[in-house]
Amino acid sequence: MRWAAALLELVGLDGKMLMQIGVPGKPAPLMSGEPFHRCTHTAMSPQGDIYVSDGYGNACVHKYSPDGKLIAFSGMRESNADIYTINLETKEIVNLTKDAFANYAPTWAPDGKSLVMAVNRNPNYEFESRDTNLYEYSVADGSVKQLTTRKGPDGSPQISPDGRWAMFCGHDYGAFPIFQPGSDLYLLDLASPGRPPRRLDEISSPRSDSYHSWSANSRWVIFSSKREDGVFARLY
């Protein structure tokens, strides 16, 4: 996988082009939330999901739906940070949340029927926008269900491929868990509504346990941590 400004290309080992997203020389408008303005990095999960960071001039990460027909992203096309989808065939953009809250980090459920995101819907949301919890948003009817109630930012949710578990980063303050020494990984059982998430003490350290990804069989997780020296994040 390679990228160049507004263009993403998937190339086979034989050098043949497999997929191209974007138009060469025609970046999306500044801060439009549309892919892509200036790609900075890409990653592919074991499930085949493609992540594209488009932070310079767009400030969002685009997440493809499991069927590849939609992209979900967080953007400020209007007056607030909302979750949008763009239909890759019709180019229609839909504001899914359209509320007063700041909505971040959407991730698709494996069946494509819902999105899990980080939002602060507390009464003090205007003053502590980063004090987020996880919410599940139904794409079909727009209903919203709160998943966590922990004090402190919850974010970076990733749902296991079998749909059973949600793993996320939790810390006490601030943004970007990789910069927070107190960031730990939590596990939430989506099959047991009302059960609080469990901090994974067996793998936690005092130094920034954060960004993570599931294996295709939902049995393993890879994550980053600064546990060795507090400076460099390494994979475990």
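The structure reproduced in this document is the subject of the present report.

Rules used throughout
- Residues numbered from 1 in each chain as written.
- Predicted model: local features only at pLDDT ≥ 70, side-chain atom pairs only at ≥ 80, totals over all residues.
- Heavy atoms only, no water.
- Helix = DSSP H or I, 4+ residues; strand = E, 2+ residues; numbered from the N terminus.
- Rg over C-alpha atoms; globule rule 2.2 N^0.38 Å.
- Buried < 20%, exposed > 50% of the residue type's maximum accessible area, 1.4 Å probe, protein only.
- Contact = heavy atoms within 4.5 Å.
- Lys, Arg positive; Asp, Glu negative; His and termini not counted.
- Charge placed at Lys NZ, Arg CZ, Asp CG, Glu CD.
- Pairing = 2+ DSSP bridges.
- Axes fitted to C-alpha atoms, helices over the stretch in contact; angles between N-to-C directions.

Attention now goes to the overall build of the protein chain. Assigned secondary structure in the protein chain consists of zero helices and 20 strands. Expected size for 236 residues packed as a compact globule is a radius of gyration near 18 Å; at 18 Å, the protein chain falls within 12% of this value. Overall, the C-alpha framework of the protein chain stretches about 45 × 40 × 30 Å when taken along its three principal axes. Here the protein chain holds 236 residues, and the buried ones make up 43% of them. The contacts of the protein chain with a sequence gap of at least 6 include a subset with a gap of at least 24, amounting to 31%. Side chains of the protein chain give 24 positive and 27 negative charges; the mean places of these two sets differ by 3 Å.

This part is about the sheet that holds strand β13 (residues 144–146). Taken together, four strands build an open sheet; the order of strands is β10-β11-β12-β13 and the sheet is antiparallel. Looking along the sheet, the strands with just one partner apiece sit at the ends: β10 (103–108) and β13. In this sheet, neighbouring strand axes are inclined to one another by 30° on average, regardless of whether the strands run parallel or antiparallel. Note that β10 and strand β11 (residues 114–119) share four bridges and pair antiparallel. When the sheet's bridge partners are listed, Thr-107 is paired in β11 with Val-116.

Moving on, we come to the sheet that holds strand β18 (residues 212–214). In spatial order, the strands read β18-β19-β20; together these three strands make up an open sheet with antiparallel pairing. Of all the strands in the sheet, the pair left with one neighbour each is β18 and β20 (234–235). In this structure, β18 lies alongside strand β19 (residues 221–225), joined through three bridges in antiparallel fashion. Counterpart to Ser-213 in the pairing with β19 is Ile-222.

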